[in-house]
Amino acid sequence: MGDGGEEQLFHEESCQQTEMTVEEAIERHIGSMGWSQLVQVLLVSFAWMFDSQNTLVTIFTDAQPSEWRCKAKEACSDGGGGGGVCGLLPATWEWVGGHGSTTIAEWGLICNRKFLAAVPSSLFFIGSLIGSGVYGRLADANLGRKKTVVISCILTSATAFLTSFSSNLYIYALLRFANGFARSGIGICCLVLSTEVVGRKWRGQIGQYGFFFFTIGFLSLPLIAYLSRTSWRNVYRIISILPLPYSLLILFFVSESPRWLLVRGRDGEALDVLNKFARLNGKQLPPNLRLVNPARVLDQVGAVNRRKSLWSTWWAAKRMVMVMVAGFGVGFVYYGVQLNVENLSLSLYLTAAINALMEIPAVFIGSFLLGFSTRRLLFSGSIGLAGVSCIVCIFFSGGRRRREEKSTGSWLQLSIEAFGFMAAASAFNVLYIYCVELFPTNVRNFAVSMLRQALMLGASITPLLVVVGRLNPARSFLIFGLLSVVSGVLGMCLPETKDAPLYETLEQQEEEEKHGLRPSNDSGLELELGK
């Protein structure tokens, strides 16, 4: 009889369910960062290359050619290469690289048509602005992170390829708008999908992986553009190739975010994903694990509706507005400095390559500092340094200069500009991580998409400033510097998120932040590779 009672007690204990959140399952049983998460993060982050290439391709395809020449010596008095083509008949001169080298050369976007050159790039960023909102809602409410990335990559490839067949400026501008809309889902979902599968100690570093691949994509552009320097159309065809096979790769080898699956009520699928991660890490989840969805818990106790929106929650709306205003400044400076490289009086391929290289130390320095520095200080300090660098560049900017009038001042200006760009890149990267940590799972993708919209809104104005910079470079650097300082000040007003957990709902986050609940620091920084 006693033996039967003990057996029954053992059976009841073995059948008893273990309840925990996704955060707890990752931290306690799967590992903050193991082989399974590392492979997922690298596969997902690779898509940032396509995001970078399609965003920054206009540095080369829409640049004003640096040299022109007279078709005959008696046709014009200027020996060529200067800025006097506006006073010449079109038939008397030609671009050295040929009329198909850039869109400006092919469609004559100079002199009284110079501001038309900014329209395609501006529409690209406006398309990105609109697409960010659409993709953000789709990824949070319907498709999930993984499917949204796949759709975005396929559409990015298709629109980039179609752009290469543009017959005039207006079709080109329309296709750039479509391309901007298509690619806007890549960065949003890749960042969220990567950070939602690792422990809190690794979120900052993992977020930087995507920006490293963004840098690789940027760095590939000078090489692609140089090899295709006589045809801007070939540049678009080349960058449209990889996204298609990549889409098939992640469709079969990348898992959906378990946090999103749980919030959407797909508990079984979320548990399957966590079991897969644990198995590949050489670990095991409790046999009777049941995942707790904070949203359903709050509904059961009658707190508030879990579908409460970000904009109807005062603290979240206020936080979102501050992030977006700061993001507007960061987007304006980050993309503006990159597009403005043609106004540095040096080789376009060289200056773009140097700027791309400066993103590499920005990623590694940012990853290192995120390990122990606060998000607020790191973001504000980085964008502040970028602003100071842009203001210093003013003193090395002359008026309208001939391209061949290079001096040691140009190299010094390039060095200062490159340092400022590195700081702006660091601020850009950190702001994304900061935004992920500021908002809960049920609105996180939407919040990141709103930040993306603010970044794109700032970026959409920069092509006009680049055109102005062709006439007065100092003016563009002054505006870059002032907006950087404003963004840095706003960043200091945001709450700190270092070592904070990723909450699942607005209600949970509001309740726990109200009571000052902070996580314990028992999870280390070690890379748990199947141990």
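Please refer to the structure higher up on the page.
Residues numbered from 1 in each chain as written. Predicted model: local features only at pLDDT ≥ 70, side-chain atom pairs only at ≥ 80, totals over all residues. Heavy atoms only, no water.

Draft legend 1. Looking closely at the pattern of salt bridges. Evaluated as defined, the whole model comprises 12 salt bridges. With a shortest N-O distance of 3.0 Å, Asp51 and Arg452 are connected by a salt bridge. You can see Asp51 sitting in helix α4 (residues 48–56) and its partner Arg452 sitting in helix α20 (residues 441–471), a full 401 residues away along the chain. Residue class for Arg452 comes out buried when judged on its relative accessible area of 0%. A salt bridge links Glu504 to Arg259, with the nearest nitrogen and oxygen atoms 3.1 Å apart. (Salt bridge = Lys/Arg side-chain N within 4 Å of Asp/Glu carboxyl O. Helix = DSSP H or I, 4+ residues; strand = E, 2+ residues; numbered from the N terminus. Buried < 20%, exposed > 50% of the residue type's maximum accessible area, 1.4 Å probe, protein only.)

Draft legend 2. Just helix α17 (residues 348–370), in detail. Over its 23 residues, α17 runs 33 Å from end to end, which matches the ideal 33 Å to within 8%, given 1.5 Å per residue. Among the residues of α17, those classed as buried are Leu348, Thr351, Ala352, Asn355, Ala356, Glu359, Ala362, Val363, Gly366, Ser367 and Leu370. (Expected span 1.5 Å × (residues − 1).)

Draft legend 3. Layout of the nonpolar core. Formed by 114 residues in total, the largest nonpolar core has its most connected members in Trp48, Ile59, Leu310, Tyr335, Phe379, Tyr432 and Phe439. A per-element tally of this core places helix α19 (residues 408–438) first, with 17 residues. Beyond its immediate stretch of four places on either side in the chain, Phe379 contacts Ala326, Val330, Ala427, Val430, Leu431, Ser487 and Gly491. Membership of the second largest hydrophobic core comes to 23 residues, among which are Ile26, Val198, Leu261 and Leu262. (Core = buried A, V, L, I, M, F, W, Y, C linked by side-chain atoms within 4.5 Å. Contact = heavy atoms within 4.5 Å.)

Draft legend 4. Main features of the side chain of Glu23. Residue position: Glu23 is located in helix α2 (residues 22–30). Glu23 sits in the buried class, given a relative accessible area of 7%. Here the side chain of Glu23 touches Arg259 through a polar contact of 2.7 Å, side chain to side chain. Here Glu23 is in contact with Arg200, Arg203, Arg259, Pro501 and Leu502, once residues within four sequence places are set aside. (Polar contact = N/O pair within 3.5 Å; in protein donor to acceptor, adjacent residues only side chain to side chain.)

Draft legend 5. Geometry of the packing of aromatic side chains. According to the stated counting rule, one finds 30 aromatic pairs in the structure shown. With a centroid separation of 6.1 Å and an interplanar angle of 85 degrees, the aromatic rings of Trp48 and Tyr432 are classed as edge-to-face. With Trp48 in helix α4 and Tyr432 in helix α19, this residue pair connects regions lying 384 residues apart in the sequence. An angle of 70 degrees between the planes, with centres 5.9 Å apart, marks the rings of Phe212 and Phe364 as edge-to-face. Of this pair, Phe212 sits in helix α10 (residues 203–227) while Phe364 is found in helix α17, placing the two residues 152 residues apart along the sequence. Given a relative accessible area of 27%, Phe212 falls into the partly exposed group. Given the relative accessible area of 51%, Phe364 is considered exposed. One aromatic cluster in this structure is built from Trp48, Phe124, Phe125, Phe214, Phe218, Tyr334, Tyr335, Phe421, Phe428 and Tyr432. (Phe/Tyr/Trp six-rings, centres within 6.5 Å; stacked < 30°, edge-to-face > 60°.)

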